[in-house]
Amino acid sequence: PYDFDSWAQNLKYLASNRLSGITYWQIWNEPNEALFWAPQPNAAAYTDLLKASYRAIKSVNPNAKVLNGGLSGTGPAVKKYLRDMYANGAKDYFDILDLHPYNQPNSPDSYLRDYLYEIKAIMTAHGDADKPIWITEIGWPTDPSQFGYVSEQKQAEYLKRTYEIARNINFVEVVM
């Protein structure tokens, strides 16, 4: 049902013309969430999209860096999704692993370091020990109507701790 050939042709056009100055390409957003990959997440289909995208971008800019669509959350389902991506051949089709390790309302001290090392262990088991990890989304809502909300003070403390934790892990290159 997916037309990844047309997708790749459009991406190739963008990478060689309209967006030729772009160096970093994130392919999709949170494909492990039904909100972004309906009707339900499908690691095999997403990996096919990632492969087509990687080939298209690298064919016009071999120096470009391709990130997977940031994987959202920190639970067992995220780790399974990553393993399924590898099982479907994702290893050679991304340069940087992108994560969105949301886990509200929990403090990053309670999960982030261990989670990052667990993800790195999966990468290492699949021959990707040298690839960096980027955290391109993380946060805690301050709106009381949102699940897992925290105070603005707590949000600021958690964000500071996120940067401190990541700074001390040599394979985490970027947090934004």
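All figures in this text were calculated on a predicted structure; none of them were measured in a lab.

Criteria and thresholds
Residues numbered from 1 in each chain as written. Predicted model: local features only at pLDDT ≥ 70, side-chain atom pairs only at ≥ 80, totals over all residues. Heavy atoms only, no water. Helix = DSSP H or I, 4+ residues; strand = E, 2+ residues; numbered from the N terminus. Contact = heavy atoms within 4.5 Å. Axes fitted to C-alpha atoms, helices over the stretch in contact; angles between N-to-C directions. Parallel < 35°, antiparallel > 145°, perpendicular 65-115°, else oblique. Left-handed = near helix turned anticlockwise from the far one by under 90°. Nonpolar A, V, L, I, M, F, W, Y, C, P; charged D, E, K, R; others polar. Buried < 20%, exposed > 50% of the residue type's maximum accessible area, 1.4 Å probe, protein only. Lys, Arg positive; Asp, Glu negative; His and termini not counted. Salt bridge = Lys/Arg side-chain N within 4 Å of Asp/Glu carboxyl O.

S.K.: What exactly am I supposed to notice about the side chain of Ser72 here?
M.R.: Along the chain, Ser72 turns up in strand 3 (residues 71–72). Leave out the neighbours within four places in its chain, and Ser72 touches Glu30, Asn32, Glu33, Val78, His100 and Tyr102.

S.K.: I'm lost on the packing of helix 2 (residues 43–60) against helix 3 (residues 76–87) in this one. Help?
M.R.: Packed helices, taken two at a time, are described by the angle between their axes plus the distance between the axes. Running from N to C, helix 2 and helix 3 cross one another at 55°; their axes reach a closest spacing of 9 Å. With respect to helix 3, the element helix 2 is oriented oblique. Viewed along their axes, helix 2 and helix 3 form a crossing whose handedness is right-handed. For the pair formed by helix 2 and helix 3, the contact residues are Ala43, Tyr46, Thr47 and Leu50 on the first element and Tyr81, Asp84 and Met85 on the second. Here the residues of the contact of helix 2 with helix 3 are counted per class, giving five nonpolar, one polar and one charged.

S.K.: Where do I start with the side chain of Lys51 in this structure?
M.R.: Position of Lys51 relative to the elements: it lies in helix 2. One buried charge, Lys51, has no salt-bridge partner; the nearest side chain with opposite charge is Asp48, at 4.5 Å. When sequence neighbours within four positions are dropped, the list of residues in contact with Lys51 reads Asn88, Gly89 and Tyr93.

S.K.: Sorry, what's going on with the pattern of salt bridges here?
M.R.: A side chain with one charge can pair with a side chain of the opposite charge if their charged atoms come near. Scanning the entire structure with this criterion turns up 10 salt bridges. One salt bridge in this structure joins Lys79 and Glu118, with 2.6 Å as the shortest N-O distance. Note that Lys79 is positioned in helix 3 and Glu118 in helix 4 (residues 112–125), a separation of 39 residues in sequence. By relative accessible area, which is 16% here, Lys79 ends up buried. On the basis of relative accessibility, which here comes to 35%, the residue Glu118 falls in the partly exposed class. Because the salt bridges share partners, they merge into one network encompassing Lys91, Asp92, Asp128 and Lys131.

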